[in-house]
Amino acid sequence: MPDKNSSRARKGLIMIRKRTLVLRISVFLLIVLAIWFTLSSALVGRTAKGPDASTSDRRSEGLVAWRQIYSVLTSPRCINCHTATNYPQQGDDRHRHFANVIRGPEGKGVPGLNCVSCHQTENADSTGAPGGHNWHLAPLSMRWQDTNDQPLSSAAVCRAVTDRAKNHGLDGAGLLKHHEEEPLVLWAWNPGRRPDGTARSVPPLSHAEFVAATRRWVDAGTPCPKGR
Amino acid sequence: MATYQLSVNGQRKEVNVDPSTPLLWVLREELKLTGTKYGCGISACGACTVHVAGVATRSCVVPVSLIGDRPIVTIEGIGTDPVGRTVQEAWVEKDVVQCGYCQSGQIMSAVALLKATPKPTDTNIEESMGGNLCRCAIYVRIREAIKSASEQLK
Amino acid sequence: MRGAFKTENDLSLNRRSFMRVSAAAAGGLLVSLYFDLPAAMQEGRPTPPPKVYPPDAFVHIRPDGKIMIQVNRLEFGQGVHTSLPMILADEMDADWSQVEAQLAPAADAYKDPLYGIQMVGGSGSIAHSFRQYRELGANTRALLVSTAADRWRVTPDQCRTANSVVYGPANQSARYAELAHDAARRPVPDKVSLKNPSEFRLIGKRVRRLDSRAKCDGSQKFGLDLDLPGMKIAMVAHPPVFGGRVKTVDDGEARRIGGVRDVFQIPLLKGSGVAVVADRFWTAKQARDRLKIDWDLSGIELANSSDLFTKYKEMARTPGNVAIAHGDDEALDQIAAGNRIMAEYEFPYLAHTPMEPLNATIRFDGDKAEAWIPSQFQTFDQMAIAEVLGLKPEQVTFHTEFAGGGFGRRAVPDCHVPREAAVIAKHLRGTSVKLIWPREDDVRGGYYRPMHVHRVEIGVGSDGMPLAWRHVIVGQSIAAGTSFAALIIKNGVDETATEGTADTNYDIPNFHVSAHHPTVNVPVLWWRSVGHTHNAFVMETLVDELAMRAKIDPIAYRRKLLKPDAKKLRAALDLMDEKSAPWRTKLPKGHALGISCHESFGTGVACAVDISIENKRPKIHRVTIAVDPGLAVNPLTIESQFQAGVAFGVTQLMAKGAITFKDGRVEQRNFDGYTPPYIVDAPVTVDVHIVPSTEPPTGCGEPPVPVISPAVVNALAKLTGKRYPSLPLVAI
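Residues numbered from 1 in each chain as written. Chains lettered and ligands numbered in written order. Predicted model: local features only at pLDDT ≥ 70, side-chain atom pairs only at ≥ 80, totals over all residues. Heavy atoms only, no water.

Engineer: Looking at this model, I keep getting lost on the confidence of the model for chain C. Mind explaining?
Structural biologist: Atom-level detail of predicted coordinates should not be read off regions where pLDDT is low. Residues and elements named next belong to chain C. For chain C, per-residue confidence averages 92 on the pLDDT scale, and residues scoring 70 or more make up 92% of the total. Within the model, pLDDT remains below 50 along residues 1-16, and this stretch shows 48 contacts once partners closer than five positions in the same chain are excluded. Confidence estimates for the predicted assembly give a pTM of 0.92 and an ipTM of 0.99. (pLDDT = per-residue confidence, 0-100. Contact = heavy atoms within 4.5 Å.)

Engineer: Would you take a moment to explain the domain arrangement of chain B for this structure?
Structural biologist: Many analyses report the size of an interface as the accessible area lost when the parts associate. Residue and element names in this part refer to chain B. For chain B, the assigned domains are domain 1 (2-73) and domain 2 (78-152). A C-alpha centroid distance of 21 Å is found between domain 1 and domain 2. Each side of the interface is counted separately: domain 1 has 13 residues, and domain 2 has 11 residues. Carbon and sulfur atoms supply 55% of the area that domain 1 and domain 2 bury against each other, a total of about 980 Å² over both sides. Our count for the domain 1 to domain 2 interface comes out at zero salt bridges. Applying the counting rule to domain 1 against domain 2 returns five residue pairs in polar contact (both at pLDDT 80 or more). Elements represented by at least two residues in the side of domain 1 that touches domain 2 include exactly β3 (49-52) and β4 (55-58). Of the residues belonging to the side of domain 1 that touches domain 2, the class tally is seven nonpolar, four polar and two charged. (Domains from an automatic or database assignment. Buried area = accessible area lost by both parts, 1.4 Å probe. Salt bridge = Lys/Arg side-chain N within 4 Å of Asp/Glu carboxyl O. Polar contact = N/O pair within 3.5 Å; in protein donor to acceptor, adjacent residues only side chain to side chain. Helix = DSSP H or I, 4+ residues; strand = E, 2+ residues; numbered from the N terminus. Nonpolar A, V, L, I, M, F, W, Y, C, P; charged D, E, K, R; others polar.)

Engineer: Honestly, the sheet that holds strand β9 (residues 232-237) of chain C in this entry has me stumped. Any pointers?
Structural biologist: Paired through their backbone hydrogen bonds, the strands of a sheet run either parallel or antiparallel. Residue and element names in this part refer to chain C. If you walk across this open sheet you meet the seven strands as β11-β12-β9-β19-β16-β17-β18, and the pairing is mixed. Edge strands, defined here as strands with exactly one partner in the open sheet, are β11 (260-267) and β18 (396-400). Adjacent strand axes in the sheet meet at a mean angle of 20° when their direction is disregarded. Across seven bridges, β11 lies against strand β12 (residues 272-278) in antiparallel orientation. Pairing of Ile 266 across the sheet is with Gly 273, part of β12. This element, helix α9 (residues 378-389), spans β16 (359-364), β17 (369-373) and β18 of the sheet and lies at about 145° to β18. The strands that helix α10 (residues 416-427) touches are β9, β11, β12, β16, β17 and β19 (433-436); relative to β16, the one it contacts most, it runs at about 35°. (Pairing = 2+ DSSP bridges. Axes fitted to C-alpha atoms, helices over the stretch in contact; angles between N-to-C directions.)

Engineer: What exactly am I supposed to notice about the side chain of Ser 154 of chain A here?
Structural biologist: All names here are of chain A. Relative to the elements of secondary structure, Ser 154 occurs in helix α4 (residues 154-162). Side-chain polar atoms of Ser 154 contact the side chain of Trp 66, separated by 2.7 Å. In this view, Ser 154 contacts Trp 66, Tyr 70 and Pro 225; residues no more than four positions away in its chain are not counted.

Engineer: How should I be thinking about the interface of chain A and chain B in this particular structure?
Structural biologist: On the side of chain B, 24 residues touch chain A, which itself brings 20 residues to the contact. Interface area lost by chain A to chain B is led by Pro 111, Gln 120 and Thr 127 of chain A, which between them contribute 28%. Our count for the chain A to chain B interface comes out at zero salt bridges. Remark: the boundary between chain A and chain B carries seven residue pairs in polar contact (both at pLDDT 80 or more).

Engineer: What exactly am I supposed to notice about the packing of helix α17 (residues 635-649) of chain C against helix α18 (residues 705-720) of chain C here?
Structural biologist: In a packed pair of helices, the relevant descriptors are the angle between the two axes and the axis-to-axis distance. All names here are of chain C. Their axes nearest at 7 Å, the elements α17 and α18 cross at an angle of 55°. Here α17 is positioned oblique relative to α18, judged by the angle of their axes. At the point where α17 passes α18, the crossing takes the right-handed sense. Within the contact between the two elements, α17 uses Gly 645, Val 646, Phe 648 and Gly 649 and α18 uses Val 705, Ile 708 and Ser 709. (Parallel < 35°, antiparallel > 145°, perpendicular 65-115°, else oblique. Left-handed = near helix turned anticlockwise from the far one by under 90°.)

Written as structure tokens, this is what we have:
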């Protein structure tokens, strides 16, 4: 019986075996490719273009770090003194500072109404007046808002922060040191009590995390997001 | 409680108070210098303005513990300063005061302005006096008196 | 406060009072005043102790030549400390350089001749006491002259006086101080002879304030500055909602603060609170803020601003109690819709926030008490303190302290602050206690200018003039439940809510004004110019709108619409027209003109403002303001009142110029949330022009306030094309 059947069956089996082999080889090759791909991304940066893989990985990491930095810079404790107007802001709702206090020619207020008329070198928790060394407004070159008190985009703030013509000539190392040591920066994490006795809110990252993010960003070459 | 040595109107004064006590209340209650006034307690009105190391300072928000050895001048002492005296005379000559409660602070702020800017423009005046509240609202005479004082400080 | 105006004769001394003179124990002459006291009480009166003036003295001529004049009202900025003595000194021919003034303590002699209580308000200081002080001065002079005349054996009309000296016909002269001792024994003249206005040497002149220097060198003491031996400071934790009661108090933390003397519950007029007594202000405040209080708010109405406005607007759709109705009620309904205007206005609660926080110092000694209060209402405050302490009013020695502003906040019919202080003083018998309301207490503590809604429908004729006017006002009654109710509420209408509209000087046919007075759990009070604050705004913006519609010049329109006999307003309008003409027609680009005129407290005022928009706010570059206040006693003071009063009026326009309620709680805390005008918000220049007049003087304290808001908003309408029927101006 079945010479025809067994010959067909044998052909079928061979077909199946061939397909299985092809399948197995394909799967094997896929796995090898995946491993190679993953390893190469991890080691040399993600690009299909080969030699630029490390740069763009580094840039991505730097941008991730920048996003973290931006979240701190645009939090009230920081951005309230980085205005584009002739006045500071106050409060978590960032309203215009009361009593018509203004910037003045050097960001220190005006005679009779200086920043230091109220803000001493330390927080005055008993009265609700925050304080820190050399309390003053960031210069207009370091504004992080527009004249309608809206925060600037991540790209715009990054450009301002990294522009050495605007940032007192700070390079990456300088920026890192600024974030790590500048008293008014440190103040943001020790902002004292409001007049009603409640504690002021602090930035979304701890100071240590902020410094670490800065370090990563600096190491990545202080990349800025593209765009306006 | 802590003891502080303060320089007030050229005199050395010792006070024993809670460190958190605002300078305003040390002046008014320990030293009986009531010329400096309490209007709001949150530095919004300027009635408490004194000079600390020559800087106009809102004494209601500055705890005495942060003063140190910086010399303090109050409205009671500003008359010995030539600019202070000129401002006070201009205030009297122009009949500025109404209820007068804010005027110690107005004068101290005006003196700070004129010491830094002897010939202030209208904008200078508005900016420097911009945080001093007068509920009687006799602002136009405050402007006039500052200009008059400025003219006399040639 | 509103004023009611009587003739000069009603205010004459002779019909109602007796003058008496005596020797002061410290030497010199005391001129006293008694109101309707039986003759018997005046004889054999013992000499008062040297260090205290008898409470009824008005003038003390001292042996050294100094003349002390008592001022029968609080000095709180309006200048009576100078202008009332001026009046007396002028008639007396006193040497002005020797005059000193004092704020009189509470006593019968110092009661307002019109109202019969010692008070300041209603812009009535000069209006009510002008004649009184003239007569006192004239009588004193007459006594001194007759003393000298007797000495020289001449007749009084052969003598003349000048600068505290009497001169005889033959070169004789005698200083008042020399004559004082003898003058004290003479009978008081029964006819008073007042100067002819042409003889005034001080009245009508620009005389500088007597209290100026002290207020510039820190030596002037206000109520808050008082310091007494052993004095304690008290503060009260008030319920967060009016009428709340203390359920439980945890005062452990508070008591642990060094210098805290006592913490105890006290009843308030409504509800209860917790008093803290300490050695120092800062201690008291720290302790008070550390109290943990559980409040019982059950059954208490929780005010809510947005709900109230909704309710008020609904109420305004139906007529209320009639304030005034003349002509035909239905005339309006017969006018075609195209010739009708409807407008709805909203006004918020306003706090006074005088610069000096509220305070009262009292010491209770069991059978007597002493009080030191910067009070606008001495008679009532004294009575209230006596009531709390179980004393008669005359057992409470009541000193009037200088006040850092008031604007009505220190004239409270229920005397709640002195009452609070008295309750605490009673608890601390024998110790002086100064009760202070820190600024937060003041902003949140009630007694506001009430919120209002107005709904107005106007039918306009073909000539652009109103043919019919229906006006409904909704707002709490200030007088209801107070001792002023009978005087002020007529036909269910509180006249302080409708003044400025119901008594308008415009000749409006078919005029119907009515009012609803809802009851709300928010205490309310008069705020400088009271009902005129909102009524003038409505009237002057609507009149302006009518003028614009008719394409008639706003000044000309007002001239046409004013009643022919609105003499003072017409005079003010004419003078304002004349003085503003040079600049009115030459406004720079981006500037606009605003006009308004309004009469209040007997005084006619008209103003022109020049504004532009800067930083999204109205910038007032210039105000030209003309006033007819009758005889101008001290033009320098009047000028000051108007220069400042218009800036005060800007309070109503400030972006943060509203007290608002949510769940019964005030949403503002201090000047950061409720913000009055600073120098940048005030007009840059104000030129004041006084209509010359010989009519009896009327008030200047409140009349400047109502005109500024409508004038500014009328100017804004030209710049933006918008109308602003809702105050404050949050956005332009």
